[in-house]
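Overview (structure and organization)
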Amino acid sequence: PGQTAAFRRLPPLLSNQMTLKRTLLVVALAAPATGALDYCGGEYSLCDDGSCALTNSSCGVCAAGEYACPLTTTCLSSLDDYATNCDGLTGTHLDWTMSEDDRLAYLNSVVDVSDMILQLVNDAPQIDSIALPAYNWLNDNEHGVKGTANATVYPMGVGMGASFSKDLAYEVGQAIGIESRSTHNAQADKSGNSCGSTSTGEIVANGCGITLYAPNINLVRDPRWGRAEEVYGEDPHLTAELAVGMITGMQGNEEGEITAKDGQPLMSGASCKHFAVYQNEDQPEARTSLDANVTARDLWETYMPVMKACVTRAKATHVMCSYNAVNGKPTCAHPELLNGILRDAWGFDGFVVSDYDAWVNLVTTHHYVDTYGEAATVGLNAGMDQEGGFGTYSVIDAMPEALAVGNITEQAITNAFTRLMRIRLRLGMFDPPAQVDAMDNTKFNPDLQCETEEKLELARKAAREGVVLLKNEDSTLPLSKTDFTSTSSLALVGPQSDDWRVLLGAVNYAFEDGPSKGCKTVLDGLTDALSSDVINQIDGCDTVACDEASTMTEAAAAAADADATVVILGNWWGTTTGWPLCSGDGTDGCESESHDRTVIELPGQQVELVQALRDATTNPLVCVLIHGGAVALGDANDACDAIVDLWVPGQMGGTALADILFGDASPAGRSPITFYGATTDLPAMAEFNEYPHESSNGTTYRYYEGAAPTYKFGHGLSYTTFAYSDLALSGTKAPCDDLTVTVTV
């Protein structure tokens, strides 16, 4: 930018033929010379000679710092000249003046079916003949950008759910979308294959693209579910509203629109996951073989409304089919769900991607078919488009044979290819870079957009607005800062109190080494509000699981000497490497993907720790919860003077908690889940009928009829007094008519 327009023509390339093997754009980055580019604009990747190219064959065509035009050998010194000086784009998919349908029709006319097949995977290869760059679609950016430390970590879904704020969900979604695009813009290798994490024990490309496998919009049917931390709660309406806010924020579009608000390409693409009836990890059996037997009533009253809102209102760019089966059919081979409901009934025109290896699981775990060729057939014909995973694509590899024997058609493959290319079009990936606002790397780059003071303040605000005050006996809270001036006057107990990882949730959805600017632990937040010498921090339990409590006596002594005690209770997220992150029998409070809890009681000796603190002091005892799924508090509920739910608050969680504890902000969150009194109040995890019946009390606040919950859905106190009264409807209406509801607050 700012350079005088210049371009030159070089000899034609030796070969411009399509390749039929999967070839990724891999750039060998040389040490940049003075003034050399660190990365290229648009979807261009940096070649090892310092030039910028869309595909490998164009590396070396232009001089360092120049851009190779697609489809020709013209070189540009600035992408500002792309639209005027790159010849041969008219009438192609790169012709931004053509309609979306015409651009897609061109692609379908020039791309061989064998190359189309190779695009139906996460790490899609380049197609040199049409200057289609390689691209990795996999980006687990649920509550922040996954692939880099230079990214803000916002609260996990359950904390967002507790805010009951669609506007906040939009604001956080917008920030994630902008940070995702900014991270992508600054990649030397725009494919994303040089960027990733090691959360599964091996390096995998994940988190530097603009197609997000987020948000998770499933519902909490059972609090033991290992992924309850990720989602917005148990209510379909609440989840639908927050999902619409989050997704339109991530994408930058208005409800019902497929472009950004100003007609520009989308900032990022978001997904509806997991479709459908996905709410189990390994109980009563592995999710990859589980069959969710659900009634039509539960399907349409509970599970479908959220997904419909995601598709029809938020206009998410893609849908992820889930690991489980529904009523005997794996979701990734379920024509009634994919082609029937999703496309025919709801008009979805984006792509369907399998959860990691879920298409392969038609053979390996569900045993729904015997061969990968059969899996390719039933999946594609049911409405699948892309095989998700980390590089093993057995189903797609078997697709040419399925085509050759006539089990699938070229048209079915073309349809899948078209849907994938449609989303790349809507993201502006085929447009002149200077015409795409989101590609403006003078504005959308990590230095200006990622983990900035503004973004950190948003993370603090989001965490604070999700805090729920469950109990506040005798107005214990807020505490007064002026009461804590002497040494050790505030006791802080719990191994989580200075653990930044517990604030971020499971490591597979946040960069494994944490954000570059660090996290505000609970200890950090309280220290910033007071001073370090007034806080006496004792673990009490050796670990969050609290099998051993070797310093319980010391913790009680600290409480006895303090003017107030804050104790951190709740769950944890497992290891930081390997898979699964949690292991064991589900009784130690570990929550994560691939692992369900089997009990909801506070783990280990946490209740005994609380009781020891209570016995040691008559001064205020404030209990703070960090968890995803609901916990049964047992006797701790009575022992605590105040109970504050912090959920999974993100990197600014400690500061947000201090804002609430010391009255700099009044708590306004409401619980998005039911706090059942005990595991025995729950049905078996294999029970998908939410209504009460002979062997079940029912589940969620809408249907539960068992012993009174400790705290109900929607419960949340404040530092002021308030009451709801005079609830009234506008009158009797016919089915499906609008109702006006009024209430006095």
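A closer look at the nonpolar core
Soluble globular proteins tend to bury their nonpolar side chains together. In terms of nonpolar packing, the biggest core is built from 206 residues, with Phe-275 and Met-399 touching the most fellow members. Discounting residues that sit within four places of it in the chain, Phe-275 has contacts with Met-304, Met-307, Val-319, Met-320, Cys-321, Ser-322, Thr-331, Leu-337, Leu-338, Leu-342 and Trp-346. With six residues, the next largest nonpolar core counts Ile-178, Met-267, Ala-438 and Phe-444 among its residues.

Points about unusual backbone geometry
Gln-283 connects to Pro-284 through a cis peptide bond whose omega is 0°. Mapped onto the secondary structure, Pro-284 falls in the loop between β10 (271-275) and β11 (291-292). You will see that Asp-474, though not glycine, has its phi angle at about 55°, which is positive. Position of Asp-474 among the secondary structure elements: in the loop between β16 (468-472) and β17 (490-493). Judged by relative accessible area, which is 72%, Asp-474 ranks as exposed.

Topic: the pairing of strand β15 (residues 351-354)
Of the two faces of β15, both are covered, the one formed by Phe-351 and Val-353 as well as the one formed by Val-352 and Ser-354. With four bridges connecting them, strand β12 (residues 318-321) and β15 associate as parallel partners. If you follow His-318 over to β15, its bridge partner there is Phe-351.

Some words on the state of the cysteines
Within the structure shown, the criterion is met by ten disulfides. With its sulfur 2.0 Å from that of its partner, Cys-321 forms a disulfide with Cys-332. Note on the Cys-321 and Cys-332 pair: the S-S dihedral is about 95°, so by sign convention the disulfide is right-handed. Placement of the pair is Cys-321 in strand β12 and Cys-332 in the loop between β14 (329-330) and α8 (335-345), with a sequence separation of eleven residues. Owing to a relative accessible area of 1%, Cys-332 belongs among the buried residues under this scheme. The disulfide that involves Cys-623 links it to Cys-640, with 2.0 Å between the sulfurs. Its S-S torsion of approximately -85° makes the covalent link between Cys-623 and Cys-640 left-handed. Highlighted residues: Cys-623 in strand β20 (residues 621-626) and Cys-640 in the loop between α19 (636-639) and β21 (642-645), separated in sequence by 17 residues. Comparing Cys-623 with Cys-640 shows no difference in burial state: the two are buried. Residue Cys-519 stays outside any disulfide, its sulfur separated by 16 Å from that of Cys-450, the closest cysteine.

Section: the packing of helix α6 (residues 236-251) against helix α7 (residues 296-313)
Orientation of α6 relative to α7, taken along the N-to-C sense of each, is 20°, at an axis distance of 9 Å. Here α6 is positioned roughly parallel relative to α7, judged by the angle of their axes. At the point where α6 passes α7, the crossing takes the right-handed sense. Along the contact surface, α6 presents Pro-236, Thr-239, Ala-240, Glu-241, Val-244 and Ile-247, while α7 presents Glu-301, Thr-302, Val-306, Ala-309, Cys-310 and Arg-313. By residue class, the composition of the contact of α6 with α7 is seven nonpolar, two polar and three charged.

Examining the sheet that holds β21
Taken in spatial order, the six strands of this open sheet run β16-β21-β20-β19-β17-β18, and their pairing is mixed. Edge strands, defined here as strands with exactly one partner in the open sheet, are β16 and β18 (535-538). Each adjacent strand pair in this sheet contributes to an overall mean axis angle of 20°, direction not counted. Pairing of β17 with β18 involves four bridges; the strand directions are parallel. Bridge pairing in β18 places Val-493 opposite Ile-538.

Concerning the environment of Asn-253
Within the element layout of this structure, Asn-253 appears in the loop between α6 and β10. Spatially, the C-alpha atom of Asn-253 lies 8.5 Å from that of Met-267, the residues being 14 residues apart in sequence. At a separation of 3.3 Å, a polar atom in the side chain of Asn-253 contacts the side chain of Gln-251. Within polar-contact distance, the side chain of Asn-253 engages the backbone oxygen of Glu-257 at 2.8 Å.

Some remarks on helix α20 (residues 653-661)
Within α20, nine of the nine residues are buried, which leaves the element mostly enclosed by the surrounding structure. Of all the positions in α20, only Gly-653, Gly-654, Thr-655, Ala-656, Leu-657, Ala-658, Asp-659, Ile-660 and Leu-661 are classed as buried. Tucked inside the fold, the buried residues of α20 contact α14 (453-466), α15 (501-504), α16 (522-529), β19 (564-570), β20 and β21. Looking one or two residues beyond α20, the residue adopting positive phi is Gly-663, at roughly 80°.

A few points about the packing of α14 against α20
The relative placement of two packed helices is expressed as an angle between their axes plus a distance between the axes. At a closest axis distance of 8 Å, the pairing of α14 and α20 adopts a crossing angle of 50°. One element, α14, and the other, α20, form an angle in the oblique class. Where α14 crosses over α20, the handedness of that crossing is right-handed. In contact with Arg-460, Ala-463 and Arg-464 of α14, α20 contributes Thr-655, Ala-656, Asp-659 and Ile-660. Its residues assigned to classes, the contact of α14 with α20 comprises three nonpolar, one polar and three charged.

Conventions used here
- Residues numbered from 1 in each chain as written.
- Predicted model: local features only at pLDDT ≥ 70, side-chain atom pairs only at ≥ 80, totals over all residues.
- Heavy atoms only, no water.
- Core = buried A, V, L, I, M, F, W, Y, C linked by side-chain atoms within 4.5 Å.
- Buried < 20%, exposed > 50% of the residue type's maximum accessible area, 1.4 Å probe, protein only.
- Contact = heavy atoms within 4.5 Å.
- Helix = DSSP H or I, 4+ residues; strand = E, 2+ residues; numbered from the N terminus.
- Pairing = 2+ DSSP bridges.
- Disulfide = S-S within 2.5 Å.
- Axes fitted to C-alpha atoms, helices over the stretch in contact; angles between N-to-C directions.
- Parallel < 35°, antiparallel > 145°, perpendicular 65-115°, else oblique.
- Left-handed = near helix turned anticlockwise from the far one by under 90°.
- Nonpolar A, V, L, I, M, F, W, Y, C, P; charged D, E, K, R; others polar.
- Polar contact = N/O pair within 3.5 Å; in protein donor to acceptor, adjacent residues only side chain to side chain.

These results come straight from atomic positions and should not be treated as a statement about function.
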